[in-house]
Amino acid sequence: IYGEPLPFHKAFDPKVNVEIGTAYLKNIESYLGSRISGWQELEVSKRRELISAAYNGGMGRLVRNKGNIDKMPQETRDYVGKLEGVLDNKEEGND
C-alpha cells in the first residue's frame, strides 16, 4: 500500500495508517542506515532517536548534519526529547 495512491475513504483507517507509518519509518531507517557512518554499531535507542529526528526534521537534513541531532532545528530536538520521554516511560511500565 505504501507508494500507491490512497483512496480518501481509507485515509483515516487506523490499520492503514499503522501500515503506512510503519513502512515509512522502515524507509527512513534504510535511508539512514546507508548514509550515516557506523549505523549498525549504534545502540537501538540511538537509532530510534535518529529515525524520529529524520521523521520530524527531514532525512536529508539529518544526513547533511552527519546524524548530529544538536544541529537539527529546535522543534526537532524538542520532538525527539518528548518522544524519547514517552517511550522510556512505556519501557519502564509507566503509562
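The structure we're discussing is the one just above.
Nothing here was measured: the structure is a model prediction, and the numbers come from that model.

Visitor: Where do I start with helix H2 (residues 44-57) in this structure?
Guide: For an α-helix, the turn length of 3.6 residues means that residues three or four places apart are oriented alike. Its 14 residues give H2 an end-to-end C-alpha distance of 20 Å, which sits within 8% of 20 Å, the value for a rise of 1.5 Å per residue. By the burial criterion, the buried members of H2 are Arg47, Leu50, Ile51, Ser52, Ala53, Ala54 and Gly57. Positive backbone phi, approximately 105 degrees, marks glycine 58, located one or two places after H2.

Visitor: For this particular structure, what's the right way to read the packing of H2 against helix H4 (residues 74-91)?
Guide: Packed helices, taken two at a time, are described by the angle their axes make and the gap between the axes. At a minimum axis separation of 9 Å, H2 and H4 run at an interaxial angle of 135 degrees. Our classification of the angle between H2 and H4 gives oblique. As H2 packs across H4, the resulting crossing turns out to be right-handed. Contacts between H2 and H4 involve Ser45, Arg48, Glu49, Ser52, Ala53, Tyr55, Asn56 and Gly57 from the former and Glu75, Thr76, Tyr79, Val80, Leu83, Glu84, Leu87, Asp88 and Glu91 from the latter. Grouping the amino acids of the contact of H2 with H4 by side-chain chemistry returns six nonpolar, five polar and six charged.

Visitor: In this structure, what is going on with unusual backbone geometry? I would like to understand it.
Guide: Apart from glycine, the bulk of residues carry a negative phi angle, and the bulk of peptide bonds sit in the trans form. Of note in the backbone geometry, lysine 66 takes a positive phi value of approximately 55 degrees without being a glycine. Take lysine 66: it is sitting in the loop between helix H3 (59-64) and H4.

Visitor: Just to check I follow, could you spell out the nonpolar core for this structure?
Guide: The tendency in soluble globular proteins is for nonpolar side chains to be buried side by side. Of all hydrophobic cores here, the largest spans 13 residues; its most connected members are Leu32, Leu50 and Leu62. Of all the secondary-structure elements, those providing two or more residues to this core are helix H1 (14-33), H2 and H3. Broken down by element, this core gets its largest block of residues, four residues, from H2. Excluding its chain neighbours within four sequence positions, the residues that come into contact with leucine 32 are Trp39, Leu50, Ile51, Ala54, Met59, Leu62 and Val63.

About the thresholds
Residues numbered from 1 in each chain as written. Predicted model: local features only at pLDDT ≥ 70, side-chain atom pairs only at ≥ 80, totals over all residues. Heavy atoms only, no water. Helix = DSSP H or I, 4+ residues; strand = E, 2+ residues; numbered from the N terminus. Expected span 1.5 Å × (residues − 1). Buried < 20%, exposed > 50% of the residue type's maximum accessible area, 1.4 Å probe, protein only. Axes fitted to C-alpha atoms, helices over the stretch in contact; angles between N-to-C directions. Parallel < 35°, antiparallel > 145°, perpendicular 65-115°, else oblique. Left-handed = near helix turned anticlockwise from the far one by under 90°. Contact = heavy atoms within 4.5 Å. Nonpolar A, V, L, I, M, F, W, Y, C, P; charged D, E, K, R; others polar. Core = buried A, V, L, I, M, F, W, Y, C linked by side-chain atoms within 4.5 Å.

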